[in-house]
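Inside the fold
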Amino acid sequence: MTAQNNVILDVQHIGVDYFSRSGTVHAVSDVSFSVNRGEIFGLAGESGSGKSTLAFAVARLLKFPAEITGGQALFYPKTDAAQTEPIDILQLNKKQLRDFRWKKLSIVFQSAMNALNPVLNVQTQIIDTIRSHQPHLHRDEYYQRAVDLVKMVGIAPERLKSFPHQLSGGMRQRVVIAIALALNPELIIMDEPTTALDVVVQREILSEIQNLKKTFGFSVVFITHDLSLLTEICDHLAIMYAGKIVEQSNRVAIMQNTQHPYTFGLLHSFPSLYGEKKQILGIPGHPPDLRNVPTGCAFNPRCSFAVEACRSVIPTLQHVDASAADHLTACHLYDPRFQPNGPPKSLGRQVANDDPQAIGTDMLAGGQ
Amino acid sequence: MKYFIRRIFFYVIALWTAVTLNFIIPRLAPGNPVQTLVGRSQGRIDPRAISALELQFGINTKIPEWQQYFSYLGDLLHGKLGLSFEYYPTPVSTVIVSHVFWTMGLIGVASVLSFVLGTLLGVISAWKQGSVFDRIVPPALTFLSSIPYFYLALFFLYFLGFKLGWFPIIGAYSFTADTSQFSLSLLFDVLNHAILPALTIVLVSLAGWMVGMRNAMLNTLSEDYVLMAEAKGLSNWRVMTIYAARNAILPNITGFALSLGFVVGGSIIMESVFSYPGIGFLLFQAVQNSDYPLIQGIFLVIALSVLAANFFADIMYLILDPRVRY
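The rules we used
- Residues numbered from 1 in each chain as written.
- Chains lettered and ligands numbered in written order.
- Predicted model: local features only at pLDDT ≥ 70, side-chain atom pairs only at ≥ 80, totals over all residues.
- Heavy atoms only, no water.
- Helix = DSSP H or I, 4+ residues; strand = E, 2+ residues; numbered from the N terminus.
- Buried < 20%, exposed > 50% of the residue type's maximum accessible area, 1.4 Å probe, protein only.
- Areas by Shrake-Rupley, 256 points an atom, 1.4 Å probe, with all protein chains shown as cover.
- Lys, Arg positive; Asp, Glu negative; His and termini not counted.
- Charge placed at Lys NZ, Arg CZ, Asp CG, Glu CD.
- Domains from an automatic or database assignment.
- Contact = heavy atoms within 4.5 Å.
- Buried area = accessible area lost by both parts, 1.4 Å probe.
- Salt bridge = Lys/Arg side-chain N within 4 Å of Asp/Glu carboxyl O.
- Polar contact = N/O pair within 3.5 Å; in protein donor to acceptor, adjacent residues only side chain to side chain.
- Nonpolar A, V, L, I, M, F, W, Y, C, P; charged D, E, K, R; others polar.
- Patch = residues over 30% accessible without salt bridge, like charges linked within 9 Å, V, L, I, M, F, W, Y side chains within 5 Å.
- Core = buried A, V, L, I, M, F, W, Y, C linked by side-chain atoms within 4.5 Å.
- Pairing = 2+ DSSP bridges.
- Axes fitted to C-alpha atoms, helices over the stretch in contact; angles between N-to-C directions.
- Parallel < 35°, antiparallel > 145°, perpendicular 65-115°, else oblique.
- Left-handed = near helix turned anticlockwise from the far one by under 90°.
- Expected span 1.5 Å × (residues − 1).

Of the regular secondary structure elements, chain B holds 13 helices and zero strands. Secondary structure elements of chain B occur, N-terminal to C-terminal, as α-α-α-α-α-α-α-α-α-α-α-α-α. Dimensions of chain B along its principal axes, counting C-alpha atoms only, are 85 × 60 × 35 Å. Scored against the burial criterion, the 326 residues of chain B give a buried share of 41%. Total accessible area on chain B is roughly 17400 Å²; 71% of this is exposed by carbon and sulfur atoms. The distance from the centre of the 18 positive side-chain charges to the centre of the 15 negative ones in chain B is 6 Å.

So, in structure tokens, the structure goes:
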């Protein structure tokens, strides 16, 4: 994939292994994706599908026993020059990395409960972030920046003196987002930023993120297991299973032209708030043990459409539909070699039965 | 503030309990101090002297117990702890004061040194988990601390003190030293005498602080806020100290403050091995000589210092952990 001008992050063939006594775990294998400037890119998948590991690999935050086994992550910083020189994140040395972190790429961690240091007040945690990158400002300037930041996320400046335990879950997540914005980064990785919150607060935080994105024009990599949420806020999304991307496209195509049986499963595993009752299909079985991934397609034991080839040949991401250039799917059901008659009809019928577009609007309506 | 008042209330109750127990327990023991004194003079004592002593010690006065209790409390408030038998007629308070200085100086400094050093080593060892340092230092120190203290102390005393003659083997200062006034040579003499006892104490207690700190630190290192601090681009030093160590040290602070409480009680074994004139040695002698007023006085001082140390721990926690400020 060539780096176009509007690409901010280009990840190529990244792999991450965890070393354990009972064998090496391929948590992420050969994953490629790219994020456009100013978009929200979604990464969805069940627990253990490798989505957080992938994000941490891109941020260079993995520690032993995790190791990046290959690939590259190119970051295209904003410049006025026509030709942007990408930053190869995985090749940065310690000093460059410390400089790169937060200034270009910041992270909102999975649980706001634990992402803030319990014995330091909010102000200290915001200011030390700024100070580490801009060490020569005046005290009052740091303070003013902190005030601006918390105001931006809808928190009263008096709260700067509060300690994390004095804030509600939603407020803590807002503080974490404020810290993520501290140095005006171009890309923010959000690792399940709303998972620990109730739906009302979740909704508030999401619209806050969207507003801030509009104001500052940063890009977001949004990680969650909640596909319904992603189909609402993302421009592009990728579905991960067992450390691989199995389907990747824009939001509308994922909903209206779902291709991978696993994506079907995810889309049909949450109830609709309106409309008639229907059966929630869900996905039978459990996520695979990554030390012992099924041969062929990792999803085959749980897939009701699996054919012989699914158990022996590993599927790769392919353009299934010639008309949709950005839609990639790794599934043999679309491979004429294994399915001469095209994908099974029953797969298509599900789409006809419950209009995925309706799912999206339901969720939007539900939040208001 | 409410927390503070609650704690103070607790300390008052605890202090009263300790003082009261200190009053009751000796009265439950068989015999009385005068009998002990008579026994020590092997009966060659005038009956009139006995009644004089009884009067002085307040024994067989037919005063009801509750009145004794209140006059005991009153005496305590005036710092009167009675007279020592062993050092008769020196008041117990004078005896204790003259010994407590040595103990607090030696064991206090050794404890602080051990805590600071152990915590530091623990922090480094956790930060560099799996490094050569982490693989060698904790087991080595744990090995040292698992040697019974008196063996280690005797070993040091025998080889470094007696065989090699590098260090003095007895007391807190030379017999020949002039202790009537302060001088540099006296200071060096005292320090020279303190090295071996302090070294042995530090060596055996170091591992405890180090392993405790290492484990707590490993726990905090896996916290999200440490990862986030790193991702924020903070310097390694700041992540290690303010984010990881600062949080990990909290449980150790309690342990340390409590251990300070036992400093005053002294180390009976250490002070016996090195014949160091501290409270521990004094208590040991007092027990051997059935010097009840002195034992009682020492117990009281120990109880007081343990309470004071607890109070200190509370205050430290209040300063270091905002979560208890309610």
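Moving on from the coordinates now.
To continue, consider the domain arrangement of chain B. Residue and element names in this part refer to chain B. Each domain of chain B was delimited in the assignment, giving domain 1 (2-77) and domain 2 (92-324). Using only C-alpha atoms to locate each centre, domain 1 and domain 2 end up separated by 33 Å. Taken residue by residue, the interface counts 17 residues in domain 1 and 15 residues in domain 2. Between domain 1 and domain 2 lies a buried interface of about 1400 Å² when both sides are counted; carbon and sulfur atoms form 70% of it.

The next thing to look at is the interface of chain B and chain A. Between chain B and chain A, the residue contacts involve 24 residues of the former and 27 residues of the latter. Together, the buried faces of chain B and chain A total about 2300 Å²; carbon and sulfur atoms form 60% of this surface. Our count for the contact surface shared by chain B and chain A stands at three salt bridges. Here B:E230 ties to A:K63 by a salt bridge, and the two come within 3.1 Å at their closest N and O atoms. Put simply, chain B and chain A have eleven residue pairs in polar contact (both at pLDDT 80 or more) between them. Broken down by secondary-structure element, the contributors of at least two residues to the side of chain B that touches chain A are α9 (224-231) and α10 (236-265) of chain B. The residue inventory of the side of chain B that touches chain A, partitioned by class, reads eleven nonpolar, four polar and nine charged.

For the rest of this paragraph, the subject is a nonpolar patch on the surface. All names here are of chain B. On the surface, F155, Y158, F159, F162, I169 and I170 cluster together into a nonpolar patch covering about 590 Å² of accessible area. For F159, the position within the fold is in helix α7 (residues 149-163). Owing to a relative accessible area of 37%, F159 belongs among the partly exposed residues under this scheme.

Here the focus is the nonpolar core. Among the nonpolar cores identified, the biggest contains 110 residues, and A:L9 and A:F222 are the most heavily contacted of them. Sorting elements by how many residues they give to this core places helix α6 (residues 169-181) of chain A first, with seven residues. Core analysis: the next-biggest nonpolar cluster, separate from the first, contains 32 residues, B:L152, B:L203, B:V263 and B:Y276 among them.

Let us now look at the pattern of salt bridges. According to the stated counting rule, one finds 17 salt bridges over all chains in the structure shown. Linked by salt bridges that have partners in common, A:R37, A:K104 and A:E186 make up one network.

In this section: the side chain of B:T119. Residue and element names in this part refer to chain B. By the secondary structure assignment, T119 is in helix α5 (residues 92-127). A distance of 2.7 Å separates the side chain of T119 from the backbone oxygen of F115, its partner in a polar contact. Non-local contacts of T119, meaning those with residues more than four positions away in its chain, are made with W209, M213, I249 and N252.

What follows is about the sheet that holds strand β3 (residues 40-44) of chain A. All names here are of chain A. Strand order across the open sheet formed by eight strands is β6-β7-β8-β3-β9-β10-β12-β11, with mixed pairing between neighbours. The open sheet has two edge strands with one neighbour each: β6 (105-108) and β11 (318-319). Pairing analysis gives six bridges linking strand β9 (residues 236-241) to strand β10 (residues 244-250), with the strands arranged antiparallel. Across the sheet, residue A238 finds its bridge partner in β10, namely Q248. Docked against the sheet, α6 engages β6 and β7 (187-191), running at close to 175 degrees with respect to β6. Contacts from helix α7 (residues 199-216) reach β3, β7 and β8 (219-224), with the element oriented near 160 degrees to β8.

Before going further, it helps to spend a moment on the packing of helix α6 (residues 132-145) of chain B against helix α8 (residues 184-221) of chain B. All names here are of chain B. Interaxial distance between α6 and α8 falls to 7 Å at its minimum, and their mutual angle equals 135 degrees. Judged by the angle between their axes, α6 and α8 are oblique. The hand of the α6/α8 crossing is left-handed. Of the residues in α8, those in contact with F133, D134, V137, P138, L141, T142, L144 and S145 of α6 are L203, V204, L206, A207, M210, V211 and R214. Per-class residue counts for the contact of α6 with α8 are eleven nonpolar, two polar and two charged.

Here we take up the sheet that holds strand β2 (residues 23-36) of chain A. Residue and element names in this part refer to chain A. Strand order in the open sheet formed by four strands is β2-β1-β4-β5, and the pairing between neighbours is antiparallel. Either end of the sheet is taken by a strand with one partner, and the two such strands are β2 and β5 (87-88). Taken strand by strand, helix α1 (residues 51-58) contacts β1 (7-20), β2 and β4 (66-75), and its axis lies near 115 degrees from that of β1.

Glancing now at helix α5 (residues 139-152) of chain A. For the α-helix, the turn length of 3.6 residues means that residues three or four positions removed from each other point alike. Taking 1.5 Å per residue, 14 residues should reach 20 Å; α5(A) reaches 20 Å between its end C-alpha atoms and fits that length. Backbone geometry just after α5(A) places A:G154 at a positive phi near 80 degrees.

Residues and elements named next belong to chain B. Locating Q42 in the fold gives a position in the loop between α2 (33-40) and α3 (47-57). For Q42, a relative accessible area of 61% puts it in the exposed group. Spatially, the C-alpha atom of Q42 lies 55 Å from that of Y317, the residues being 275 residues apart in sequence.

All names here are of chain B. Across the interface, helix α1 (residues 2-28) lies against helix α4 (residues 65-77) with an axial gap of 11 Å and an inter-helix angle of 125 degrees. In this view, α1 runs oblique relative to α4, as classed from their interaxial angle. In this structure, α1 meets α4 at a crossing whose hand is right-handed. In this structure, α1 uses W16, V19, T20, N22, F23 and R27 to contact α4, whose residues at the interface are E65, Q68, Y69, Y72, L73 and L76. Its residues placed into classes, the contact of α1 with α4 shows seven nonpolar, three polar and two charged.

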